[in-house]
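Coordinate inspection notes
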Amino acid sequence: MERQLVSEDSALLLDVLQNSGVTVLLNQNIQALAKNEEKICVKTDSLAEFDGLIVACGFKPRTELAAQAGLSVGRGIKVNAFLQTSDDNVYALGDVAELPSGKLYAYILPIRSQANWLAGFIMGQEQSPWNPPNFTSKAKVHGFEAVHPYNV
Ligand SMILES: Cc1cc2nc3c(=O)[nH]c(=O)nc-3n(C[C@H](O)[C@H](O)[C@H](O)COP(=O)(O)OP(=O)(O)OC[C@H]3O[C@@H](n4cnc5c(N)ncnc54)[C@H](O)[C@@H]3O)c2cc1C
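Residues numbered from 1 in each chain as written. Predicted model: local features only at pLDDT ≥ 70, side-chain atom pairs only at ≥ 80, totals over all residues. Heavy atoms only, no water.

**Looking at the packing of aromatic side chains**
All told, the structure shown has six aromatic pairs when counted by the stated rule. The interplanar angle of 45 degrees and the centroid separation of 6.2 Å between the aromatic rings of Phe82 and Trp117 together place this pair among those described as tilted. Here Phe82, found in the loop between strand 4 (77-78) and strand 5 (97-98), pairs with Trp117, found in helix 3 (residues 108-122); they are 35 residues apart in sequence, far enough to count as distant. Taking the relative accessible area as the measure of exposure, Phe82 reaches 24% and is therefore partly exposed. Each ring, one from Phe82 and one from Phe121, has its centre 5.3 Å from the other, and the planes form 35 degrees; the classification is tilted. (Phe/Tyr/Trp six-rings, centres within 6.5 Å; stacked < 30°, edge-to-face > 60°. Helix = DSSP H or I, 4+ residues; strand = E, 2+ residues; numbered from the N terminus. Buried < 20%, exposed > 50% of the residue type's maximum accessible area, 1.4 Å probe, protein only.)

Written out as structure tokens, the structure reads:
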């Protein structure tokens, strides 16, 4: 979780998981997944069988529709500091919006701030660009909590 935790907290989280009886294998390069009767096989450098599989691999904005509509896309739908896409009559915000810095603000607080700001901008009440609010994200697992400045 290198985007959300500093290394000290990462080590602490590892301890919490291991003390809960979880076997943690780091730096695994998954090469294949396959179903073998009732078991799921996961191939890394070795092959292991499991009863079930949970995939938690982050998120990726679905930009196909925007691309088909001729909007510029990168990691997300590209917007300028006014949340305008490459067609200045079309705005994007939230998980899907990629700011000029390359950042996607995938948390409720900044997205709510974008929505409020954009409503004001469209109504002519805002002239300056959207600025991300200061906020800290909090990672929580049973027996573990870490708060760090948002730095994605
Ligand atoms: C498991 C999980 C836990 C999270 N926990 C937190 C948390 O604790 N705190 C926090 O701040 N954030 C959290 N987030 C992030 C937060 O939920 C998102 O950043 C936020 O919901 C994104 O809002 P959005 O409106 O940009 O996108 P979404 O909420 O994804 O809304 C997009 C909507 O568009 C719809 N849509 C997509 N394509 C089309 C289409 N072609 N036509 C019509 N509709 C379409 C989708 O169905 C969806 O309803 C979490 C996210 C996940 C996945």
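**So, a nonpolar patch on the surface**
Together, Ile30, Leu33, Leu53 and Val55 line one region of the surface with nonpolar side chains, adding up to about 380 Å² of accessible area. You can call Leu53 partly exposed: its relative accessible area is 41%. (Patch = residues over 30% accessible without salt bridge, like charges linked within 9 Å, V, L, I, M, F, W, Y side chains within 5 Å. Areas by Shrake-Rupley, 256 points an atom, 1.4 Å probe, with all protein chains shown as cover. Salt bridge = Lys/Arg side-chain N within 4 Å of Asp/Glu carboxyl O.)

**Structural notes on the site of the ligand**
In the vicinity of the ligand, the residues found are Leu65, Gly94, Asp95, Ala106, Tyr107, Ile108 and Ile111. At 2.8 Å, a backbone N or O of Ile108 approaches an oxygen atom of the ligand. Broken down by class, the residue content of the shell around the ligand amounts to five nonpolar, one polar and one charged. (Near = heavy atom within 4 Å. Polar contact = N/O pair within 3.5 Å; in protein donor to acceptor, adjacent residues only side chain to side chain. Nonpolar A, V, L, I, M, F, W, Y, C, P; charged D, E, K, R; others polar.)

**Concerning the domain arrangement of the protein**
In terms of domain boundaries, the protein breaks down into domain 1 (7-57) and domain 2 (60-152). One C-alpha centre belongs to domain 1, the other to domain 2, and the line joining them spans 32 Å. Facing four residues of domain 1, the contacting portion of domain 2 comprises six residues. Roughly 400 Å² is buried in total at the junction of domain 1 and domain 2, and carbon and sulfur atoms are behind 75% of that figure. (Domains from an automatic or database assignment. Contact = heavy atoms within 4.5 Å. Buried area = accessible area lost by both parts, 1.4 Å probe.)

**Some thoughts on unusual backbone geometry**
With a phi close to 55 degrees, Glu37 is a non-glycine residue in the positive phi region. If you trace the backbone, Glu37 turns up in the loop between strand 1 (32-36) and strand 2 (39-43). Assessed through its relative accessible area of 71%, Glu37 is described here as exposed. We note that Leu83 has phi near 65 degrees; this positive angle belongs to a residue other than glycine. Here Leu83 shows up in the loop between strand 4 and strand 5.

**A few points about helix 1 (residues 7-19)**
The end-to-end C-alpha separation of helix 1 is 18 Å, in line with the 18 Å expected for 13 residues at 1.5 Å each. Three or more residues of helix 1 are buried, namely Asp9, Leu13 and Val16. Here the buried residues of helix 1 occupy an arc of 60 degrees about the axis, which is enough to place them on one side. Those residues of helix 1 that are exposed and angled more than 90 degrees off the buried face are Ser7, Glu8 and Asn19. Looking at the residues trailing helix 1, positive phi occurs at Gly21, about 90 degrees. (Expected span 1.5 Å × (residues − 1). Arc of directions from axis to C-beta.)

**With respect to the nonpolar core**
Counting residues in each nonpolar core, the largest one holds 13 residues, and the members touching the most others are Val79, Leu83, Leu99, Trp117 and Trp130. Here this core gets three residues from one element, more than from any other, and that element is helix 3. Filtering out sequence-adjacent residues up to four positions away, Val79 remains in contact with Gln84, Thr85, Ala92, Ala97, Glu98, Leu99 and Pro100. Grouped together as the second largest cluster of nonpolar side chains are six residues, Leu5, Leu13, Val16 and Phe144 included. (Core = buried A, V, L, I, M, F, W, Y, C linked by side-chain atoms within 4.5 Å.)

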